[in-house]
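The chain contents come next:
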Amino acid sequence: MGISQMGLLRSSCSALCHGPRTASVLRPSAVLTRQISMDTQNLVARLNSSGLLRSQCLIGGKWTEAYDGKTIPVHNPATGDVLVNVPCMGGQETNDAISVAYEAFLSWSKLTAAERSKRLRKWYDLLIANKEELGQIITLEQGKPLKEAIGEVNYGAAFIEFSAEEAKRIYGDIIPSPLADRRLLVLKQPVGVVGAITPWNFPLAMITRKVGPALACGCTVVIKPSELTPLTALAAAELALQAGIPPGAVNVVFGNAPEIGDALLASRQVRKITFTGSTAVGKKLMAGAAQTVKKVSLELGGNAPCIIFDDADLEVAVKGALGTKFRNSGQTCVCANRILVQEGIYEKFAIAFSQAVQSMQVGEGFTEGVVQGPLINEAAVQKVESFVKDAVSKGAKVLLGGKRHSLGMTFYEPTVIGDIKNDMLIARNEVFGPVAPLLRFKTEEEAIRIANDTNAGLAAYVFTENVQRMWRVTEALEYGLVGVNEGLVSTEVAPFGGVKESGLGREGSKYGMDEFLEMKYVCFGNISSN
Ligand code: ADP
């Protein structure tokens, strides 16, 4: 479950928008913020001079303010500093972005695949050439450690590289005709203008994994990044322009999320919505897309089980569980949300895992050695606190951590909780924080039953040395991705996506291209055989 489902995160413009922009970009905002610190100020100044720190939206190749001049602040979650104020746009600006995207579609879709491929490749090169700066922007607005942020740039850029390569392989089909005078074929054509709505946890990669294949197929895009992390999206869009992606092919608007969403849904020119975010918002978008019968891809919340069997290699299991649980401070939809441990290895695993978790250094993302940053905002911490409180009140035992970190702000201690039951809040919903809940089980059947006892079906992990069991359990799990003896499975070359309420469609790999294509069956008649 996303934060907004808890009713804690308000991203609507009414809650966040400021009046028309004034000369200063460093206006202190809500509670929990303070004046920008000197270090951040220097970094922001450096990024500004690099030309990558954009503070306006992009419509038709023009950097644009909200039409009514309203702005929203972007915060550094580690310090509360207001980094910059950005436009708070709504339906009007979105409609204009859709119109220019439609105009651009008419020419972008006519380019040869080779030409689109070259420009995507150039965009990839620029993303990689600017990986330090992009990583710094991600750390500033999202909080993840710089090394992890640069890792996201590599990962995110790889979707653009892959799309550049795959653009040249959008093959159709020739079908053997049942009639001698006919020839049958299938053309693949771009779906049209795409609305891409993305979350804050991967400010770059969630965009590139949608926009890369969309552009490769000949579509154009209106991106609506999270209002919490819009700066990375703007920097990526700046580099897209530099790479020769034509004005209007990539547009970025944000501000009043529901209003922007409604404009995208209502438009007949938008033929596809691709979304990563909470299940609640995904369901709204799916219902809204019915108005104009758009194609929809949804990558929604997970509730990933990580099953550790008695016959697992303990070291591999600890490393794998650590990787999948604490990446991005637990704020990914493929993070292990329930660690199911078989009774024979439970105590040993709990000790070794807790020791590994204890050694994790928490802090501001620019500090050397830090592997866990702050949570995205106060609402996220309150959600984690409420889940931990619920679990403890029902008999769970805190083995490590279990409270806010002494660093203050939105830092939370890396936490391990034992004796979790599958009916506790923390096992039913995504905690989206650095809390590892351990559940004890006896048999393989019980583990599979518990693992599948959820509406979610995104990622699952299995740790065992038994080859038969690997196959049995993997096939029985109702999930879109399974990591076997591996906690980090995401890559641009493999299909990523969920089953059940975790979503529809796949991103990445050759399969991800189909999401942006329509098939056209063509029948040629009256073909003479002479
Ligand atoms: P989370 O709870 O993880 O932040 P959300 O689903 O709320 O996930 O947000 C994911 C993205 O969806 C963000 O860009 C957010 O602004 C956007 N969003 C939220 N509500 C709507 C809506 N009604 N229509 C369109 N986009 C929305």
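Residues numbered from 1 in each chain as written. Predicted model: local features only at pLDDT ≥ 70, side-chain atom pairs only at ≥ 80, totals over all residues. Heavy atoms only, no water.

Asks: What is the right way to read the overall build of the protein chain from this model?
Replies: Broken down by element type, the protein chain carries 17 helices and 21 strands. Computed over the C-alpha atoms, the radius of gyration of the protein chain is 24 Å, within 12% of the 24 Å expected from 2.2 N^0.38 for a compact globule of 530 residues. Based on the C-alpha atoms only, the size of the protein chain along its principal axes is roughly 75 × 65 × 40 Å. Per-residue burial over the protein chain gives 58% buried out of 530 residues. Across the protein chain, every contact between residues at least 6 apart in sequence was considered, and the portion connecting residues at least 24 apart equals 74%. (Helix = DSSP H or I, 4+ residues; strand = E, 2+ residues; numbered from the N terminus. Rg over C-alpha atoms; globule rule 2.2 N^0.38 Å. Buried < 20%, exposed > 50% of the residue type's maximum accessible area, 1.4 Å probe, protein only. Contact = heavy atoms within 4.5 Å.)

Asks: Sorry, what's going on with helix α5 (residues 131-142) here?
Replies: Spacing of three or four residues puts side chains on the same side of an α-helix, whose turn is 3.6 residues. A rise of 1.5 Å per residue sets the reference length of α5, with its twelve residues, at 16 Å; its end C-alpha atoms lie 16 Å apart and thus fit the reference within 8%. Across the twelve residues that make up α5, a large majority, nine, are buried. L134, G135, Q136, I137, I138, T139, L140, E141 and Q142 are the residues of α5 that are buried. Looking one or two residues past α5, G143 carries a phi angle of roughly 100 degrees, positive in sign. (Expected span 1.5 Å × (residues − 1).)

Asks: So what exactly am I meant to see when it comes to the domain arrangement of the protein chain here?
Replies: Often, the extent of an interface is quoted as the loss of accessible area on bringing the components together. Partitioning the protein chain into structural domains gives domain 1 (42-299) and domain 2 (305-493). Relative to domain 2, the C-alpha centre of domain 1 lies at a distance of 31 Å. Counting from both sides, the interface comprises 26 residues of domain 1 and, opposite them, 25 residues of domain 2. For the domain 1 and domain 2 pair, buried surface summed over both sides reaches about 2000 Å², with 66% attributable to carbon and sulfur atoms. When the area that domain 1 buries against domain 2 is broken down by residue, the three leading residues are A78, P145 and W200, summing to 23%. One can count zero salt bridges joining domain 1 with domain 2. Viewed at the interface, domain 2 and domain 1 are joined by six residue pairs in polar contact (both at pLDDT 80 or more). Those elements that provide at least two residues to the side of domain 1 that touches domain 2 are α5 and α6 (146-166). The class makeup of the residues in the side of domain 1 that touches domain 2 is 13 nonpolar, nine polar and four charged. (Domains from an automatic or database assignment. Buried area = accessible area lost by both parts, 1.4 Å probe. Salt bridge = Lys/Arg side-chain N within 4 Å of Asp/Glu carboxyl O. Polar contact = N/O pair within 3.5 Å; in protein donor to acceptor, adjacent residues only side chain to side chain. Nonpolar A, V, L, I, M, F, W, Y, C, P; charged D, E, K, R; others polar.)

Asks: Help me out: how do you make sense of helix α8 (residues 230-242) in this one?
Replies: With 13 residues, α8 ought to run about 18 Å at 1.5 Å a step, and its terminal C-alpha atoms sit 19 Å apart, in line with that. Counting buried residues in α8 gives eleven out of 13 residues, a clear majority hidden from the surface. Those residues of α8 that fall on the buried side of the exposure criterion are P230, L231, T232, A233, L234, A235, A236, A237, E238, L239 and A240.

Asks: Help me out: how do you make sense of the UniProt feature "active site" (unreviewed entry) in the protein chain in this one?
Replies: The sites that carry the UniProt feature "active site" (unreviewed entry) are, in the present numbering, E299. Inspection of the secondary structure puts E299 in strand β12 (residues 295-299). Leave out the neighbours within four places in its chain, and E299 touches M206, R209, F275, T276, G277, C333, L458, F496, S502 and E507. At a separation of 3.0 Å, a polar atom in the side chain of E299 contacts the side chain of R209. (UniProt positions renumbered as here; feature names shortened; annotations may be inferred.)

Asks: Teacher, can you tell me more about the sheet that holds strand β13 (residues 304-308) here?
Replies: Within a sheet, neighbouring strands are paired by backbone hydrogen bonds and run either parallel or antiparallel to one another. One open sheet holds the seven strands; their spatial order is β15-β16-β17-β14-β13-β18-β19, and the pairing between them is mixed. Looking at strand neighbours, the two that pair on one side only are β15 (397-400) and β19 (481-484), the edges of this open sheet. Across the sheet, the axes of successive neighbouring strands diverge by a mean angle of 25 degrees, strand direction being ignored. Here β13 pairs with strand β18 (residues 459-463) via three bridges, running parallel. Within β18, the residue paired with I308 across the bridge is F463. Of the strands in this sheet, β13, β14 (336-342), β16 (415-418), β17 (435-441) and β18 touch helix α11 (residues 314-326), which is tilted by about 165 degrees from β18. Helix α15 (residues 444-452) contacts β13, β14 and β17 of the sheet and is inclined by roughly 165 degrees relative to β14. (Pairing = 2+ DSSP bridges. Axes fitted to C-alpha atoms, helices over the stretch in contact; angles between N-to-C directions.)

Asks: What's the story with the UniProt feature "domain: Aldehyde dehydrogenase" (unreviewed entry) in the protein chain in this structure? I'm lost.
Replies: UniProt records the feature "domain: Aldehyde dehydrogenase" (unreviewed entry) at residues 63-522, using the numbering of this structure. Between the C-alpha atoms that bound residues 63-522 there is a distance of 42 Å. The span itself is 41% helix and 20% strand.

Asks: Looking at this structure, how should I read the packing of aromatic side chains?
Replies: How two aromatic rings sit relative to each other is given by the distance of their centres and the angle of their planes. Summed over the entire model, instances satisfying the criterion amount to five aromatic pairs. Taking the centre distance of 5.5 Å and the plane angle of 85 degrees together, the rings of F309 and F441 count as edge-to-face. Here F309, found in the loop between β13 and α11, pairs with F441, found in strand β17; they are 132 residues apart in sequence, far enough to count as distant. For F441, a relative accessible area of 2% corresponds to the buried category. (Phe/Tyr/Trp six-rings, centres within 6.5 Å; stacked < 30°, edge-to-face > 60°.)

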